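Overview (structure and organization)
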Amino acid sequence: MSSLKPYDAVLLLSFGGPEAPDEVMPFLENVTRGRGIPRERLLEVSEHYMHFGGRSPINDENRALLANLREQLTAAGVDLDQTPVYWGNRNWAPFTTDVLREAHENGARRVLAVVTSAYPSYSGCRQYREDLAEALITLSREGRSMRVDKIRHYFDQDGFLSPIAESITEALGTVPTGSHIAFVTHSIPDAMDDASGPQGNAYTKTHREACEAVLSLLAVDTVPEWDLVYCSRSGPPSQPWLEPDIGDHLAGLKNAGVPGVVCVPIGFVSDHMEVVFDLDTEAEEIAQGLDLPFVRAATSGRATAFAAMLASLVVERAAAERGENPERGSQAGSGPWHDVCPAGCCANLRNPDKPAACGVDWVLPIDTSSAAAPAEVTR
Ligand SMILES: CC1=C(CCC(=O)O)c2cc3nc(cc4[nH]c(cc5[nH]c(cc1n2)c(C)c5CCC(=O)O)c(CCC(=O)O)c4C)C(CCC(=O)O)=C3C
Ligand SMILES: [Fe+2]
């Protein structure tokens, strides 16, 4: 039996997505609230969702991941009656606050979050920590005191990298010799990359480390040439975002006489809208127009090895909280990512003082107006 003490619940924390046409605009408004995204971009993105009947694939991906994570925690000897696994989202139901309230009602006081983002950045790290802080503040006003930690980022973990490498190896067998690999991730503003991680530029740096680790895992005689490129740019055109865009990159490859491309969505954990629309629909169409052979490699979200890796990081973090100094494996880059974010890590450039949980500087504000017992102080 492996205990998850001191945790009494696990939370799979994700982005969320609409499941019906009338949910699309309210969802997009949730996503972009206060983020300065032009209205035209919102309407354009709503069309992407409408192309799929108003239903994002992301929730079904997370339902599958939830089942796999439960299975892998059970396989690791965790008793799910003692530590149930919940699922909550930032932008759509089931919402984080509601799920944590339910967990509290069922007796949970210390929760370990597993975020569906492999890399550090404001979007993939601090914004989730802000969501958790907001939920914890709301719940503390209801007299419910809880603490939430989150597992470290896992861009460097074999369970994330190996399924991608296997899929690329297979894909390379179906494109002409000399084809390139285009690793693709979500574009973010240059300024957001500059502020990623404790020292800055961690978003691009950790992506490159993951790409290099994947390349070293390929079962091929000659490692193909590769680039890290971007998709899903939004924001005003005047604001610099990470480039090149996958579409422009494909045109460049064609011009350079490259005979084909394996497109690898390394920035994404599962086949959500960015993957099925921006890559499988838009980028593939561009490649077809260029007469450039194009194969898209798999994401690792559905792989057993991926859920097993998440389960092992959950077990590792629980051991660390018990002071047991567990072995901290890392198969890419310069060693394991931190458990607890230092102050200012993945800064919020618009609102630097917004409370964020799971960092050294997190203190649950004690609401003295409440008749309930004072909230426990957490880090
Ligand atoms: C780094 C990153 C990840 C990966 C890390 C992680 O997984 O968290 C990610 C994931 C996702 N992004 C998603 C959807 C959207 N992202 C948007 C907007 C933005 N994303 C950004 C960054 C990221 N996003 C940024 C800097 C913006 C601009 C607004 C802002 O500065 O915050 C918008 C608004 C419209 C638009 O502008 O495109 C939508 C609809 C979905 C769900 C897809 C589905 O429904 O299947 C997922 C998983
Ligand atoms: Fe961070």
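Not measured: the values here are computed from a predicted model.

Some words on the coordination of the iron ion (ligand 2)
- For the iron ion (ligand 2), every protein donor is listed as C125 (SG) and C345 (SG), and the spread of their distances is 2.7 to 2.8 Å. In this pair, C125 sits in helix α5 (residues 122-141) while C345 sits in the segment after α11 (304-321), placing the two residues 220 residues apart along the sequence.
- Note on C125: relative accessible area 0%, which makes it buried.
- Note on C345: relative accessible area 1%, which makes it buried.

Remarks on the sheet that holds strand β4 (residues 147-150)
- Strand order in the open sheet made by the four strands is β2-β1-β3-β4, with parallel pairing throughout. Looking at which strands have only one partner, the edges of the open sheet turn out to be β2 (85-89) and β4. Averaged over all neighbouring strand pairs, the angle between strand axes comes to 30 degrees, with direction disregarded.
- As judged from the five bridges shared by strand β1 (residues 9-14) and strand β3 (residues 110-115), these two strands associate in the parallel manner. Bridge assignment links L11 to a residue of β3, and that residue is A113.

A look at the UniProt feature "binding site: Fe(2+)" (unreviewed entry) in the protein chain
- The UniProt entry lists H186 and E274 under the feature "binding site: Fe(2+)" (unreviewed entry), expressed in the numbering used here. Look at the named residues: they lie 89 residues apart in sequence, but the longest C-alpha span between them is just 8.0 Å, so in the fold they bunch up.
- When sequence neighbours within four positions are dropped, the list of residues in contact with H186 reads Y203, Y230, C231, S232, F268 and E274.
- The residue E274 is located in helix α10 (residues 273-290) in this model.
- Discounting chain neighbours no more than four positions away, the residues touching E274 are H186, S232, F268 and L279.
- A polar side-chain atom of E274 sits 3.2 Å from a polar atom in the side chain of H186.

Points about the domain arrangement of the protein chain
- Once the domains are mapped, the protein chain shows domain 1 (9-154 + 303-321) and domain 2 (158-296).
- Look at where the C-alpha atoms of domain 1 and domain 2 centre, and you get two points 25 Å apart.
- Each partner contributes residues to the interface: domain 1 has 27 residues there, and domain 2 has 28 residues.
- Surface buried jointly by domain 1 and domain 2 totals about 2,100 Å² across both partners, of which 73% is contributed by carbon and sulfur atoms.
- For the domain 1 face of the interface with domain 2, the top three residues by lost area are H48, Y119 and P120, together amounting to 29%.
- On inspection of domain 1 and its partner domain 2, the count reaches zero salt bridges.
- Within the residue set of the side of domain 1 that touches domain 2, elements represented by two or more residues are α2 (39-50), α3 (58-75), α5 and α11.
- Here the side of domain 1 that touches domain 2 is composed, by residue class, of 15 nonpolar, eight polar and four charged.

Looking at the nonpolar core
- The biggest cluster of nonpolar side chains holds 57 residues, and the ones touching the most others in it are Y154, I168, F183, V264, I266 and L310.
- Looking at this core element by element, the count peaks at eight residues for α11.
- Here this core spans two domains, and each of domain 1 (9-154 + 303-321) and domain 2 (158-296) adds at least three residues to it.
- Non-local contacts of L310, meaning those with residues more than four positions away in its chain, are made with L65, L69, V114, I151 and Y154.
- Residues L100, A133, A135 and W362 belong to the second largest nonpolar core, which totals 24 residues.

Remarks on a negative patch on the surface
- Residues E243, D245, D248, E282 and E285 make up a contiguous surface patch of negative charge.
- Here E285 falls in the exposed class, since its relative accessible area comes to 54%.

Considering the pairing of β1
- With respect to burial, β1 is a largely interior element, six of its six residues being buried.
- Across the two faces of β1 the burial is the same, with A9, L11 and L13 and V10, L12 and S14 all buried.
- Of the pairings in the sheet, the one linking β1 to β2 comprises five bridges and is parallel in character. Considered in β2, the bridge of V10 is made with V85.

A word on the packing of α3 against α11
- Their axes nearest at 8 Å, the elements α3 and α11 cross at an angle of 60 degrees. By the angle between their directions, the pair α3 and α11 is classed as oblique. α11 is crossed by α3, and the crossing has right-handed handedness. Of the residues in α11, those in contact with L65, N68, L69, Q72 and L73 of α3 are T304, F306, A307, A308, L310, A311 and V314.
- Its residues assigned to classes, the contact of α3 with α11 comprises nine nonpolar, three polar and no charged.

Analysis parameters
Residues numbered from 1 in each chain as written. Chains lettered and ligands numbered in written order. Predicted model: local features only at pLDDT ≥ 70, side-chain atom pairs only at ≥ 80, totals over all residues. Heavy atoms only, no water. Donors = N, O, S within 2.8 Å, 3.2 Å for Na, K, Ca; no water. Helix = DSSP H or I, 4+ residues; strand = E, 2+ residues; numbered from the N terminus. Buried < 20%, exposed > 50% of the residue type's maximum accessible area, 1.4 Å probe, protein only. Pairing = 2+ DSSP bridges. Axes fitted to C-alpha atoms, helices over the stretch in contact; angles between N-to-C directions. UniProt positions renumbered as here; feature names shortened; annotations may be inferred. Contact = heavy atoms within 4.5 Å. Polar contact = N/O pair within 3.5 Å; in protein donor to acceptor, adjacent residues only side chain to side chain. Domains from an automatic or database assignment. Buried area = accessible area lost by both parts, 1.4 Å probe. Salt bridge = Lys/Arg side-chain N within 4 Å of Asp/Glu carboxyl O. Nonpolar A, V, L, I, M, F, W, Y, C, P; charged D, E, K, R; others polar. Core = buried A, V, L, I, M, F, W, Y, C linked by side-chain atoms within 4.5 Å. Patch = residues over 30% accessible without salt bridge, like charges linked within 9 Å, V, L, I, M, F, W, Y side chains within 5 Å. Areas by Shrake-Rupley, 256 points an atom, 1.4 Å probe, with all protein chains shown as cover. Lys, Arg positive; Asp, Glu negative; His and termini not counted. Charge placed at Lys NZ, Arg CZ, Asp CG, Glu CD. Parallel < 35°, antiparallel > 145°, perpendicular 65-115°, else oblique. Left-handed = near helix turned anticlockwise from the far one by under 90°.

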